[in-house]
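Secondary and tertiary structure notes
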Amino acid sequence: MTAQALPMAPAAVARGSARRRERNEAAMLFYPAFALVVAVSFFPLFYAIRQSLHAADYLELGPFVGLRNFVTLFTEGGGFHYLRVSIAFVVGSLLVTLPLGVGLAVLLTRPVRCQTAFRMILTFPWVVSELVTGYLWMWFFDGRLGPLGGFFAQLGFGTVGILTSPDTALGAVIVANAWHAYPLVMVFTLAALQTVPTEVREAARLDTRSEWQTFRYVTFPLIRGAILVAAVLTTLRTFNGVTLIVAMTGGGPVGATDTLGMRVFVEAFQFYRMEVACAIALVIFAMNILASILFVRVLRGEQE
(Lines give C-alpha, C1' and ligand atoms only; values in the text may rest on other atoms or scores of the structure.)
Protein backbone atom coordinates (compact mmCIF):
# COMPACT_ATOMS: atom_id res chain seq x y z
CA MET A 1 0.00 0.00 0.00
CA THR A 2 2.85 2.37 0.85
CA ALA A 3 4.58 1.70 -2.41
CA GLN A 4 1.36 2.39 -4.31
CA ALA A 5 0.52 5.56 -2.32
CA LEU A 6 3.88 7.23 -2.76
CA PRO A 7 3.63 7.75 -6.54
CA MET A 8 0.20 9.35 -6.03
CA ALA A 9 1.47 12.03 -3.65
CA PRO A 10 3.12 14.24 -6.30
CA ALA A 11 -0.08 14.10 -8.37
CA ALA A 12 -2.18 15.19 -5.37
CA VAL A 13 0.25 17.99 -4.64
CA ALA A 14 0.08 19.09 -8.26
CA ARG A 15 -3.73 19.12 -8.18
CA GLY A 16 -3.72 21.17 -4.97
CA SER A 17 -1.25 23.61 -6.48
CA ALA A 18 -3.40 23.96 -9.60
CA ARG A 19 -6.49 24.66 -7.50
CA ARG A 20 -4.64 27.32 -5.49
CA ARG A 21 -3.41 28.88 -8.71
CA GLU A 22 -6.95 28.97 -10.08
CA ARG A 23 -8.21 30.59 -6.87
CA ASN A 24 -5.46 33.18 -7.01
CA GLU A 25 -6.22 33.96 -10.64
CA ALA A 26 -9.94 34.27 -9.83
CA ALA A 27 -9.13 36.62 -6.93
CA MET A 28 -6.90 38.74 -9.17
CA LEU A 29 -9.82 39.14 -11.58
CA PHE A 30 -12.56 39.58 -8.95
CA TYR A 31 -11.15 42.01 -6.39
CA PRO A 32 -10.11 44.80 -8.81
CA ALA A 33 -13.56 44.66 -10.42
CA PHE A 34 -15.21 44.64 -6.98
CA ALA A 35 -13.12 47.63 -5.90
CA LEU A 36 -14.14 49.49 -9.05
CA VAL A 37 -17.83 48.76 -8.41
CA VAL A 38 -17.48 50.00 -4.83
CA ALA A 39 -15.69 53.13 -5.99
CA VAL A 40 -18.22 54.10 -8.68
CA SER A 41 -21.44 52.78 -7.08
CA PHE A 42 -21.43 52.27 -3.32
CA PHE A 43 -19.22 55.20 -2.36
CA PRO A 44 -21.40 57.77 -4.23
CA LEU A 45 -24.48 56.17 -2.67
CA PHE A 46 -23.11 56.49 0.86
CA TYR A 47 -21.95 60.03 0.10
CA ALA A 48 -25.43 60.96 -1.17
CA ILE A 49 -27.06 59.50 1.95
CA ARG A 50 -24.73 61.47 4.23
CA GLN A 51 -25.16 64.67 2.23
CA SER A 52 -28.96 64.41 2.18
CA LEU A 53 -29.09 64.18 5.99
CA HIS A 54 -27.11 67.38 6.54
CA ALA A 55 -27.35 71.02 5.68
CA ALA A 56 -24.60 71.96 3.25
CA ASP A 57 -22.86 74.82 1.53
CA TYR A 58 -22.54 73.03 -1.81
CA LEU A 59 -19.86 70.37 -1.05
CA GLU A 60 -19.08 71.61 2.44
CA LEU A 61 -20.99 69.53 4.96
CA GLY A 62 -23.08 71.38 7.52
CA PRO A 63 -25.00 70.37 10.64
CA PHE A 64 -27.10 67.20 10.80
CA VAL A 65 -30.77 67.88 9.94
CA GLY A 66 -32.16 64.35 9.60
CA LEU A 67 -34.96 63.99 7.08
CA ARG A 68 -35.63 67.72 6.78
CA ASN A 69 -34.40 67.86 3.17
CA PHE A 70 -36.84 65.11 2.18
CA VAL A 71 -39.73 66.70 4.06
CA THR A 72 -39.00 70.09 2.51
CA LEU A 73 -38.81 68.51 -0.93
CA PHE A 74 -42.34 67.09 -0.74
CA THR A 75 -43.96 69.89 1.27
CA GLU A 76 -42.40 73.03 -0.17
CA GLY A 77 -40.12 71.93 -3.00
CA GLY A 78 -42.66 70.53 -5.46
CA GLY A 79 -41.54 66.93 -5.04
CA PHE A 80 -44.96 65.48 -5.88
CA HIS A 81 -45.08 67.55 -9.09
CA TYR A 82 -41.69 66.26 -10.20
CA LEU A 83 -42.77 62.71 -9.39
CA ARG A 84 -46.01 63.05 -11.38
CA VAL A 85 -44.14 64.44 -14.39
CA SER A 86 -41.57 61.62 -14.17
CA ILE A 87 -44.25 58.94 -14.05
CA ALA A 88 -46.13 60.54 -16.96
CA PHE A 89 -42.88 60.72 -18.92
CA VAL A 90 -42.11 57.03 -18.28
CA VAL A 91 -45.64 55.76 -18.96
CA GLY A 92 -46.03 57.86 -22.11
CA SER A 93 -42.65 56.71 -23.42
CA LEU A 94 -43.54 53.05 -22.81
CA LEU A 95 -46.91 53.43 -24.55
CA VAL A 96 -45.11 54.66 -27.67
CA THR A 97 -41.85 52.72 -27.49
CA LEU A 98 -43.12 49.19 -26.86
CA PRO A 99 -45.72 48.98 -29.68
CA LEU A 100 -43.34 50.71 -32.09
CA GLY A 101 -40.38 48.48 -31.26
CA VAL A 102 -42.40 45.25 -31.30
CA GLY A 103 -44.21 46.18 -34.52
CA LEU A 104 -41.01 47.02 -36.37
CA ALA A 105 -39.41 43.78 -35.13
CA VAL A 106 -42.31 41.78 -36.54
CA LEU A 107 -42.04 43.63 -39.86
CA LEU A 108 -38.31 42.92 -40.04
CA THR A 109 -38.99 39.19 -39.91
CA ARG A 110 -40.73 39.44 -43.27
CA PRO A 111 -38.66 38.40 -46.28
CA VAL A 112 -38.05 41.68 -48.12
CA ARG A 113 -35.27 43.09 -50.23
CA CYS A 114 -32.46 45.01 -48.53
CA GLN A 115 -33.48 43.61 -45.15
CA THR A 116 -30.02 44.25 -43.69
CA ALA A 117 -30.11 47.87 -44.82
CA PHE A 118 -33.54 48.35 -43.26
CA ARG A 119 -32.29 46.94 -39.96
CA MET A 120 -29.31 49.29 -39.98
CA ILE A 121 -31.53 52.30 -40.69
CA LEU A 122 -34.03 51.38 -37.98
CA THR A 123 -31.29 50.91 -35.37
CA PHE A 124 -29.70 54.26 -36.23
CA PRO A 125 -31.44 56.22 -33.39
CA TRP A 126 -29.83 53.83 -30.91
CA VAL A 127 -26.29 54.97 -31.78
CA VAL A 128 -27.14 58.68 -31.72
CA SER A 129 -26.38 60.38 -28.40
CA GLU A 130 -29.26 61.79 -26.36
CA LEU A 131 -27.83 65.28 -26.72
CA VAL A 132 -27.86 65.08 -30.52
CA THR A 133 -31.33 63.52 -30.39
CA GLY A 134 -32.57 66.39 -28.24
CA TYR A 135 -31.22 69.08 -30.55
CA LEU A 136 -32.53 67.25 -33.62
CA TRP A 137 -36.08 67.03 -32.28
CA MET A 138 -35.92 70.56 -30.89
CA TRP A 139 -35.25 71.75 -34.42
CA PHE A 140 -38.03 69.51 -35.77
CA PHE A 141 -40.60 70.95 -33.33
CA ASP A 142 -39.43 74.54 -33.71
CA GLY A 143 -42.38 76.76 -34.63
CA ARG A 144 -40.35 79.05 -36.93
CA LEU A 145 -37.48 76.99 -38.39
CA GLY A 146 -38.57 73.38 -38.03
CA PRO A 147 -40.38 71.33 -40.69
CA LEU A 148 -43.34 70.70 -38.39
CA GLY A 149 -43.67 74.42 -37.72
CA GLY A 150 -43.57 75.11 -41.46
CA PHE A 151 -46.25 72.48 -42.04
CA PHE A 152 -48.59 74.11 -39.51
CA ALA A 153 -47.86 77.53 -41.02
CA GLN A 154 -48.90 76.26 -44.47
CA LEU A 155 -52.13 75.00 -42.96
CA GLY A 156 -52.84 78.49 -41.67
CA PHE A 157 -52.18 77.92 -37.97
CA GLY A 158 -49.34 80.44 -37.82
CA THR A 159 -46.39 79.88 -35.53
CA VAL A 160 -47.06 76.87 -33.30
CA GLY A 161 -44.69 76.60 -30.34
CA ILE A 162 -44.92 72.95 -29.41
CA LEU A 163 -41.99 73.05 -26.99
CA THR A 164 -43.07 76.37 -25.50
CA SER A 165 -46.60 75.29 -24.59
CA PRO A 166 -47.20 73.48 -21.28
CA ASP A 167 -49.89 71.40 -22.97
CA THR A 168 -47.67 69.90 -25.67
CA ALA A 169 -44.06 70.09 -24.40
CA LEU A 170 -44.11 66.83 -22.46
CA GLY A 171 -45.70 64.99 -25.40
CA ALA A 172 -42.98 66.27 -27.71
CA VAL A 173 -40.25 65.08 -25.33
CA ILE A 174 -41.98 61.68 -25.08
CA VAL A 175 -41.94 61.37 -28.88
CA ALA A 176 -38.24 62.23 -29.00
CA ASN A 177 -37.44 59.78 -26.21
CA ALA A 178 -39.45 57.01 -27.88
CA TRP A 179 -37.57 57.60 -31.14
CA HIS A 180 -34.29 57.18 -29.31
CA ALA A 181 -35.43 54.17 -27.23
CA TYR A 182 -37.45 51.98 -29.62
CA PRO A 183 -34.39 50.26 -31.22
CA LEU A 184 -33.63 48.55 -27.89
CA VAL A 185 -37.12 47.04 -27.77
CA MET A 186 -36.90 46.17 -31.46
CA VAL A 187 -33.58 44.34 -31.08
CA PHE A 188 -34.77 42.37 -28.02
CA THR A 189 -38.01 41.42 -29.75
CA LEU A 190 -36.29 40.53 -33.01
CA ALA A 191 -33.85 38.27 -31.17
CA ALA A 192 -36.74 36.57 -29.38
CA LEU A 193 -38.66 36.11 -32.64
CA GLN A 194 -35.69 34.23 -34.09
CA THR A 195 -36.17 31.57 -31.39
CA VAL A 196 -39.81 30.90 -32.29
CA PRO A 197 -39.93 27.77 -34.50
CA THR A 198 -41.24 28.45 -38.00
CA GLU A 199 -43.34 25.30 -37.83
CA VAL A 200 -45.22 26.64 -34.81
CA ARG A 201 -46.12 29.90 -36.54
CA GLU A 202 -47.12 28.17 -39.76
CA ALA A 203 -49.33 25.69 -37.89
CA ALA A 204 -50.95 28.50 -35.93
CA ARG A 205 -51.51 30.47 -39.14
CA LEU A 206 -53.31 27.51 -40.66
CA ASP A 207 -55.53 27.18 -37.59
CA THR A 208 -56.38 30.84 -37.09
CA ARG A 209 -56.09 32.18 -40.67
CA SER A 210 -55.25 35.59 -39.15
CA GLU A 211 -51.86 37.22 -38.71
CA TRP A 212 -53.04 39.17 -35.69
CA GLN A 213 -54.46 36.12 -33.91
CA THR A 214 -51.29 34.16 -34.67
CA PHE A 215 -49.18 36.86 -33.11
CA ARG A 216 -51.51 37.42 -30.15
CA TYR A 217 -52.14 33.81 -29.12
CA VAL A 218 -48.97 32.03 -30.29
CA THR A 219 -46.02 34.33 -30.94
CA PHE A 220 -46.53 36.93 -28.22
CA PRO A 221 -46.68 34.45 -25.30
CA LEU A 222 -43.35 33.00 -26.47
CA ILE A 223 -41.56 36.36 -26.63
CA ARG A 224 -43.30 38.08 -23.71
CA GLY A 225 -40.28 37.60 -21.43
CA ALA A 226 -37.92 39.39 -23.81
CA ILE A 227 -40.36 42.27 -24.25
CA LEU A 228 -40.67 42.56 -20.47
CA VAL A 229 -36.88 42.76 -20.07
CA ALA A 230 -36.78 45.50 -22.73
CA ALA A 231 -39.56 47.31 -20.85
CA VAL A 232 -37.53 47.15 -17.62
CA LEU A 233 -34.44 48.63 -19.28
CA THR A 234 -36.50 51.30 -21.04
CA THR A 235 -38.27 52.25 -17.81
CA LEU A 236 -35.06 52.65 -15.82
CA ARG A 237 -33.34 54.56 -18.61
CA THR A 238 -36.29 56.92 -19.07
CA PHE A 239 -36.87 57.51 -15.37
CA ASN A 240 -33.20 58.41 -14.84
CA GLY A 241 -32.83 60.36 -18.08
CA VAL A 242 -31.98 64.05 -18.02
CA THR A 243 -29.88 64.85 -21.11
CA LEU A 244 -32.81 64.83 -23.55
CA ILE A 245 -34.89 67.15 -21.38
CA VAL A 246 -31.98 69.52 -20.78
CA ALA A 247 -31.39 69.78 -24.53
CA MET A 248 -35.03 70.24 -25.54
CA THR A 249 -36.82 72.19 -22.79
CA GLY A 250 -34.60 72.61 -19.74
CA GLY A 251 -37.53 71.45 -17.61
CA GLY A 252 -39.94 74.07 -18.93
CA PRO A 253 -42.21 75.55 -19.89
CA VAL A 254 -43.62 76.32 -16.44
CA GLY A 255 -42.25 73.02 -15.11
CA ALA A 256 -44.18 70.90 -17.63
CA THR A 257 -41.15 68.68 -18.27
CA ASP A 258 -39.47 69.08 -14.87
CA THR A 259 -38.79 65.46 -13.92
CA LEU A 260 -36.94 64.21 -10.86
CA GLY A 261 -33.80 63.66 -12.91
CA MET A 262 -34.00 67.16 -14.32
CA ARG A 263 -34.47 68.57 -10.82
CA VAL A 264 -31.28 66.85 -9.61
CA PHE A 265 -29.37 68.61 -12.37
CA VAL A 266 -30.94 71.99 -11.59
CA GLU A 267 -30.48 71.78 -7.82
CA ALA A 268 -26.88 70.58 -8.05
CA PHE A 269 -25.45 72.66 -10.89
CA GLN A 270 -27.65 75.74 -11.08
CA PHE A 271 -28.75 76.40 -7.50
CA TYR A 272 -25.74 74.63 -5.89
CA ARG A 273 -27.95 72.96 -3.30
CA MET A 274 -26.18 69.62 -3.21
CA GLU A 275 -28.07 68.36 -0.15
CA VAL A 276 -31.41 68.77 -1.98
CA ALA A 277 -30.00 67.19 -5.14
CA CYS A 278 -28.79 64.19 -3.13
CA ALA A 279 -32.21 63.83 -1.49
CA ILE A 280 -33.91 63.78 -4.89
CA ALA A 281 -31.30 61.33 -6.21
CA LEU A 282 -32.09 58.97 -3.33
CA VAL A 283 -35.81 59.21 -4.15
CA ILE A 284 -34.95 58.23 -7.73
CA PHE A 285 -32.84 55.35 -6.43
CA ALA A 286 -35.73 54.10 -4.27
CA MET A 287 -38.13 54.33 -7.23
CA ASN A 288 -35.68 52.34 -9.37
CA ILE A 289 -35.48 49.63 -6.71
CA LEU A 290 -39.28 49.41 -6.45
CA ALA A 291 -39.70 49.27 -10.23
CA SER A 292 -37.01 46.59 -10.53
CA ILE A 293 -38.63 44.44 -7.82
CA LEU A 294 -42.01 44.76 -9.51
CA PHE A 295 -40.65 43.81 -12.93
CA VAL A 296 -38.63 40.91 -11.51
CA ARG A 297 -41.72 39.49 -9.81
CA VAL A 298 -43.74 39.81 -12.99
CA LEU A 299 -40.94 38.20 -15.02
CA ARG A 300 -40.61 35.37 -12.51
CA GLY A 301 -44.34 34.78 -12.71
CA GLU A 302 -44.12 34.66 -16.51
CA GLN A 303 -41.32 32.10 -16.38
CA GLU A 304 -43.23 29.91 -13.94
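Residues numbered from 1 in each chain as written. Predicted model: local features only at pLDDT ≥ 70, side-chain atom pairs only at ≥ 80, totals over all residues. Heavy atoms only, no water.

Right, let's talk about the overall build of the protein chain for a bit. Scanning the protein chain from terminus to terminus reveals 14 helices and two strands. For the protein chain, whose C-alpha radius of gyration is 26 Å, the value lies well above the compact-globule estimate of 19 Å for 304 residues. Oriented by its inertia axes, the alpha-carbon framework of the protein chain measures out at about 105 × 70 × 35 Å. Scored against the burial criterion, the 304 residues of the protein chain give a buried share of 36%. Long-range contacts, defined as pairs at least 24 residues apart, comprise 65% of the intrachain contacts of the protein chain with a sequence gap of at least 6. Here the protein chain has roughly 18,300 Å² of accessible surface; of this, 68% comes from carbon and sulfur atoms. Treating the 22 positive side-chain charges of the protein chain as one cloud and the 17 negative ones as another, the clouds have centres 9 Å apart. (Helix = DSSP H or I, 4+ residues; strand = E, 2+ residues; numbered from the N terminus. Rg over C-alpha atoms; globule rule 2.2 N^0.38 Å. Buried < 20%, exposed > 50% of the residue type's maximum accessible area, 1.4 Å probe, protein only. Contact = heavy atoms within 4.5 Å. Areas by Shrake-Rupley, 256 points an atom, 1.4 Å probe, with all protein chains shown as cover. Lys, Arg positive; Asp, Glu negative; His and termini not counted. Charge placed at Lys NZ, Arg CZ, Asp CG, Glu CD.)

What follows covers the side chain of aspartate 258. Turning to its location among the elements, aspartate 258 is positioned in the loop between α12 (243-248) and α13 (260-269). Classification of aspartate 258 by relative accessible area gives buried; the value is 7%. In terms of polar contacts, aspartate 258 uses its side chain to reach the side chain of arginine 263, at 2.4 Å. Among all residues touching aspartate 258, those that are not within four sequence positions of it are Tyr82, Val85, Gly251 and Arg263. (Polar contact = N/O pair within 3.5 Å; in protein donor to acceptor, adjacent residues only side chain to side chain.)

To continue, consider the confidence of the model for the protein chain. Mean pLDDT over the protein chain: 85, with 91% of residues reaching 70 or higher. At the level of individual helices and strands, the protein chain shows its lowest average pLDDT in helix α1 (residues 2-5), which scores 48, and its highest in helix α9 (residues 169-193), which scores 94. Within the model, the stretch residues 1-6 combines pLDDT values under 50 with zero contacts to residues more than four positions away or in other chains. (pLDDT = per-residue confidence, 0-100.)

So, about the packing of helix α7 (residues 130-141) against helix α8 (residues 147-154). It is at 4 Å that the axes of α7 and α8 come closest, and there the two elements cross at 10 degrees. Viewed along their axes, α7 and α8 adopt a mutual orientation that is roughly parallel. In contact with Trp139, Phe140 and Phe141 of α7, α8 contributes Pro147, Leu148 and Gly149. Looking at the contact of α7 with α8 residue by residue, the class counts come to five nonpolar, one polar and no charged. (Axes fitted to C-alpha atoms, helices over the stretch in contact; angles between N-to-C directions. Parallel < 35°, antiparallel > 145°, perpendicular 65-115°, else oblique. Nonpolar A, V, L, I, M, F, W, Y, C, P; charged D, E, K, R; others polar.)

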